[in-house]
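Structural description and commentary
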Amino acid sequence: MAVMTAAIPATPLLEARALCFHRQDEPVFGPLDFRLDAGELTLIEGDNGSGKTTLMRILTGLLHAEEGELLWRGEPLHRDRCVGDIVFLGHQLGLKSELTPRENLRVAIGLHGHREHTDIDAVLAQVGLAGYGDEPVRRLSAGQKKRAALARLLLIPATLWLLDEPYANLDRTGIELVNRLLAEHIARGGAALVTSHGAVGFHGGEPQRIRMHA
Amino acid sequence: MNHAPLAPACAALLRRDLTLAWRQRGDIALPVLYALIVSTLFPFALGPDLALLQRIAGGAVLVTVLLAMLLALDAMFRSDIEDGSLEQLMLSPQPLAPMLGMKILAHWLTTALPLIVIAPLLASLLHLPVAVMPVLLLALLLATPLISLLGAVLVALTAGSRRSGMLLALMLLPLCVPVVIFAAGALAAAQQGLPWIAPIAWLGAALALAVVLAPLACAAALRIALDS
């Protein structure tokens, strides 16, 4: 990483310094150092149980890491400063199964706000759910649910996407879709952290990689 | 960044929870049926003694409604925790306490309000004097949101544990007691033709306090529950 310092702006979007996490005195991961700038994509690699999801939850502010520093735009990461600017997509998709994708997305817009120049129909078509907008989520397949959750990323204004295993349950066109959405988000000046335990081929070059060990 | 303002966010959440409740109407009917069954059983168990039934009617309806509310209480945040909606709510740029306040309001509207609507029927099954009926409704209108709010705090506190139902009931019992005492006090006074406004005013004061404090306590408890 030291090689890249010349080109990097003064304050990164997100920076971790010697970040450690312990659960009941058992080390989960760390110490971990990384930085993430706007327009950058980072892949977090690691085996099952290496703490990828835990790291994600710390970055969202849901979990608190006692050791190490976490800086958001140069200041210590705190919920009040970063909230709304970070969006998290985890194993639990946060979709209500009794509601339709359209109703779920409308609630998300109500809570998070609306990204400019997007509307629900266009976004549903973009993720390949055209025609499924009014079907209850519980009747959709696992992959379609994932696509509905991805649609939320596109509709709400957030700079940093934290995607925990976004490729799970998706078919080949779905994986292609995630890569395309990530490339577009990076091109807009957004940033993304993606966890995966599989091989991933991104558009637009090789991403930064963080390797996690149990 | 154009963050969503608070009022539409509250409206969106309230509408979501009411829509969900409407799609699962059977869950709304369960506490209502429970209250109806309990009130029907009282005359059978105690015998058709009009004076006795009249004397216990107010208290019996009150306790039946509060117990029926307990049936639905532990589901207040469960599905939101299970499907990740609560996480998304916490990550949204909205203050958590008013959002949870909306969830508690939706819960009250879908569980307690139907019970209040059938309360006159339950009371007439037990021969409650018609003159006392308005006091009963007033007491229920103040006591049920109080139970919803206190219950929500306890549900949030026990959200992390697997089998929280039993723990919840045990913790809620002592908190129910003052609510029942004041509500029943108002009913007893009204039945004896005495002024009943003082206990009602106490309930109102407690409700005003709970409306402000309970959502804050819920928010703190749920943050702790998810931080593990």
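Residues numbered from 1 in each chain as written. Chains lettered and ligands numbered in written order. Predicted model: local features only at pLDDT ≥ 70, side-chain atom pairs only at ≥ 80, totals over all residues.

Remarks on the UniProt feature "transmembrane region" (unreviewed entry) in chain B
Residue and element names in this part refer to chain B. The positions UniProt marks with the feature "transmembrane region" (unreviewed entry) are residues 28-46, 52-73, 104-126, 132-155, 167-190 and 196-222. Annotated as residues 52-73, this span is 100% helix and 0% strand, and its ends, taken at the C-alpha atoms, are 32 Å apart. Helix makes up 96% of residues 196-222 and strand 0%, with an end-to-end C-alpha separation of 38 Å. (UniProt positions renumbered as here; feature names shortened; annotations may be inferred. Helix = DSSP H or I, 4+ residues; strand = E, 2+ residues; numbered from the N terminus.)

With respect to the nonpolar core
In summary, soluble globular proteins display a tendency toward joint burial of nonpolar side chains. A:V87, A:L162, B:V61, B:V65, B:L136, B:A139 and B:A156 are the most contacted members of the largest nonpolar core, which totals 129 residues. It is helix α7 (residues 133-157) of chain B that provides the largest number of residues to this core, a total of 16 residues. If we skip the residues at most four places from it in the chain, A:L162 touches A:M56, A:L59, A:T60, A:I86, A:V87, A:F88 and A:L193. (Core = buried A, V, L, I, M, F, W, Y, C linked by C-beta atoms within 7 Å. Buried ≥ 20, exposed ≤ 12 C-beta atoms within 10 Å, placed from the backbone. Contact = placed C-beta atoms within 7 Å.)

Re the sheet that holds strand β9 (residues 208-212) of chain A
Residue and element names in this part refer to chain A. Within the open sheet, the five strands sit side by side as β6-β7-β8-β3-β9. Their pairing is parallel. Each having just a single partner strand, β6 (86-89) and β9 make up the two edges of the open sheet. Each strand axis lies, on average, 15° off the axis of its neighbour in the sheet, ignoring direction. Direction of pairing for strand β3 (residues 41-46) relative to strand β8 (residues 191-196): parallel, over a ladder of five bridges. Note on β8: the bridge partner recorded for I44 is T195. Helix α1 (residues 52-60) contacts β3, β6, β7 (160-164), β8 and β9 of the sheet and is inclined by roughly 155° relative to β7. (Pairing = 2+ DSSP bridges. Axes fitted to C-alpha atoms, helices over the stretch in contact; angles between N-to-C directions.)

Brief notes about the interface of chain B and chain A
At the junction of the two partners, chain B supplies 26 residues and chain A supplies 28 residues. Those elements that place two or more of their residues in the side of chain B that touches chain A are α1 (6-23) and α5 (85-91) of chain B. Counting residues per element, the side of chain B that touches chain A draws most heavily on α1(B), at eight residues.

Quick look at the packing of helix α3 (residues 50-73) of chain B against helix α8 (residues 164-191) of chain B
All names here are of chain B. Taken N-terminus to C-terminus, the directions of α3 and α8 make an angle of 155°; their axes are 9 Å apart at the nearest point. Between α3 and α8, the interaxial angle falls into the category roughly antiparallel. For the pair α3 and α8, the crossing hand works out as right-handed. In this structure, α3 contributes G58, G59, L62, V63, L66, L70 and L73 to the contact, and α8 contributes L168, A169, L172, C176, V180, A183, A184, L187 and Q191. (Parallel < 35°, antiparallel > 145°, perpendicular 65-115°, else oblique. Left-handed = near helix turned anticlockwise from the far one by under 90°.)

Describing the packing of α7(B) against α8(B)
Residue and element names in this part refer to chain B. Two elements in contact, α7 and α8, have axes separated by 10 Å at closest approach and are oriented at 165°. When the axes of α7 and α8 are compared, the pair comes out roughly antiparallel. Between α7 and α8 lies a crossing whose hand is right-handed. Side by side, α7 and α8 meet where V135, L136, A139, A143, L146, I147, L150, G151, L154 and V155 of the first sit next to L168, M171, L172, L175, C176, V179, A183, A186, L187 and A190 of the second. Here the contact of α7 with α8 is built from residues that sort into 19 nonpolar, one polar and no charged. (Nonpolar A, V, L, I, M, F, W, Y, C, P; charged D, E, K, R; others polar.)

Here we look at the sheet that holds strand β5 (residues 75-76) of chain A
The strand order across the open sheet formed by four strands is β2-β1-β4-β5 (chain A), and the pairing between neighbours is antiparallel. The open sheet has two edge strands with one neighbour each: β2 (26-36) and β5 of chain A.

So, the environment of B:L6
Residue and element names in this part refer to chain B. Residue placement: L6 occurs in helix α1. Given 13 C-beta atoms within a 10 Å radius, L6 is considered partly exposed. Put simply, L6 and L194 are 188 residues apart on the chain and 45 Å apart in space, counted from C-alpha to C-alpha. Leave out the neighbours within four places in its chain, and L6 touches Q94 and P98.

Some thoughts on the pairing of strand β1 (residues 14-23) of chain A
Residue and element names in this part refer to chain A. Where β1 meets β2, seven bridges bridge the pair, whose relative direction is antiparallel. Paired with R23 across the strands is E26, a residue of β2. Counted between consecutive antiparallel strands, the loop separating β1 from β2 contains two residues, among which Q24 sits at a positive phi close to 45°.

Details of helix α5 (residues 142-155) of chain A
Residues and elements named next belong to chain A. In a regular helix each residue adds 1.5 Å, so 14 residues correspond to 20 Å; α5 covers 21 Å between its end C-alpha atoms and thus fits that length. Within α5, 11 of the 14 residues are buried, leaving the element largely enclosed by the surrounding structure. Those residues of α5 not exposed but buried are Q144, K145, K146, R147, A148, A149, L150, A151, R152, L153 and L155. Buried residues belonging to α5 abut β6, α3 (101-112), α4 (120-126), β7 and α6 (172-187). (Expected span 1.5 Å × (residues − 1).)

With respect to the confidence of the model for chain A
Parts of the prediction with low pLDDT should not have their coordinates interpreted in detail. For chain A, per-residue confidence averages 84 on the pLDDT scale, and residues scoring 70 or more make up 91% of the total. Confidence drops under pLDDT 50 across residues 1-6 of chain A; counting only partners more than four residues distant or on other chains, this segment forms zero contacts. (pLDDT = per-residue confidence, 0-100.)

A closer look at the environment of A:G90
Within the secondary structure layout, A:G90 lies in the loop between β6 and α3. Taking the C-beta count within 10 Å as the criterion, A:G90 has 21 such neighbours and is therefore assigned buried. Along the sequence, A:G90 and A:L163 sit 73 residues apart, while their C-alpha atoms lie 6.3 Å from each other. Apart from the residues within four sequence positions on either side, A:G90 is in contact with A:T53, A:M56, A:D164 and B:G84.

Notes on the pairing of β6(A)
All names here are of chain A. Neither face of β6 is open: one carries I86 and F88, the other V87 and L89, and all of them are buried. Note: β6 against β7, four bridges, orientation parallel. The residue of β7 that forms the bridge with F88 is L162.

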